[in-house]
Amino acid sequence: MAGAAAALLVAVGALTYAVAQDGGGSSGTPAADSADAGFARDMAVHHQQAVEMSYIVRDRTDDKDVRLLAYDIAQTQANQRGMLLGWLDLWELPKVSSKPPMSWMGMGDMPSAGDGSLMPGMATNAEMKKLQGLSGRQAEVFYLQLMTEHHKGGIHMAEGCVDRCAVGVEKRLAQGMVDGQRSEIELMADMLKERDAKPRS
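Residues numbered from 1 in each chain as written. Predicted model: local features only at pLDDT ≥ 70, side-chain atom pairs only at ≥ 80, totals over all residues. Heavy atoms only, no water.

> Give a detailed account of the packing of aromatic side chains, specifying residues and quantitative values.
With the rule as written, the count across this model stands at 2 aromatic pairs. Relative to Trp-104, the ring of Phe-39 lies with its centre 5.7 Å away and its plane at 75 degrees, an arrangement referred to as edge-to-face. Within this pair, whereas Phe-39 is found in helix 2 (residues 35–58), its partner Trp-104 is found in the loop between helix 3 (64–90) and helix 4 (125–133), the two being separated by 65 residues in sequence. For the pair formed by Phe-39 and Trp-104, the shared burial category is buried. Residues Trp-87 and Trp-91 carry aromatic rings whose centres are separated by 6.4 Å and whose planes lie at 35 degrees to one another, so their mutual orientation is tilted. (Phe/Tyr/Trp six-rings, centres within 6.5 Å; stacked < 30°, edge-to-face > 60°. Helix = DSSP H or I, 4+ residues; strand = E, 2+ residues; numbered from the N terminus. Buried < 20%, exposed > 50% of the residue type's maximum accessible area, 1.4 Å probe, protein only.)

Written out as structure tokens, the structure reads:
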């Protein structure tokens, strides 16, 4: 585990350095209202909730497959979140904005679901509380349903960065998110089917 953690830190450092060499240095720093900065800020928030949901369900079920998926999602998205916040530090840009979420995509006037759901796919505070109160199969199904919606919202945002971001490494990370989360949506659909359930939408 210690070796894996060290390797992860090296990988994050390498990607951060790559950003500095790929449009993220002092000569090409993205503006605070750029798609690059907006995506980094918004996806960091989006990812944080996925990490929280994943750790909740790991404590609510003994199912090996769900626990493994939750662990993978938590580790992957925590790692990516660290990169996004690291890039904002590198660019000396604020991690919060006075503009509504997704303004960088031209969607700042889109009404949110409220109750903690700031962006598409995000669970509400009530849904997070419900997940904490479930266990076993019920927790597994609800988590898989929530995470499927969460991934769909995340894919939409990542595709926005692929289209609009200027920093090459960030665009490649966004495309990796799209590919990875599409694959996990397919996996979660199969896992729901095994539990006689299906995605909510």
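That shown, we press on.
> With reference to specific residues and values, describe the nonpolar core.
Here is a general trend for soluble globular proteins: nonpolar side chains tend to be buried in one another's company. Counting residues in each nonpolar core, the largest one holds 54 residues, and the members touching the most others are Phe-39, Met-53, Leu-84 and Tyr-143. Only helix 2, helix 3, helix 4, helix 5 (136–164) and helix 6 (168–194) provide two or more residues apiece to this core. Setting aside residues no more than four positions away along its own chain, Leu-84 makes contact with Phe-39, Ala-40, Met-43, Ala-44, Glu-170, Leu-173 and Met-177. (Core = buried A, V, L, I, M, F, W, Y, C linked by side-chain atoms within 4.5 Å. Contact = heavy atoms within 4.5 Å.)

> Can you lay out the environment of Trp-104 for me, pointing to particular residues and giving the numbers?
A residue is classified by how much of its surface remains accessible, and Trp-104, at 11% relative accessible area, is buried. Taking the C-alpha atoms as reference points, Trp-104 and Met-157, 53 residues apart in sequence, are found 10.0 Å from one another. Not counting residues up to four positions away in its chain, the partners in contact with Trp-104 are Ser-34, Ala-35, Gly-38, Phe-39, Asp-42, Met-157, Gly-160, Cys-161 and Arg-164. Within the structure, the side chain of Trp-104 is placed 2.9 Å from the side chain of Asp-42, a separation counted as a polar contact. (Polar contact = N/O pair within 3.5 Å; in protein donor to acceptor, adjacent residues only side chain to side chain.)

> Give a description of the side chain of Gln-49 that names residues and reports values.
Along the polypeptide, Gln-49 turns up in helix 2. By relative accessible area, Gln-49 is classed as buried at 8%. In terms of polar contacts, Gln-49 uses its side chain to reach the backbone amide nitrogen of Ala-123, at 2.8 Å. Leave out the neighbours within four places in its chain, and Gln-49 touches Gly-116, Met-122, Ala-123, Met-128 and His-150.

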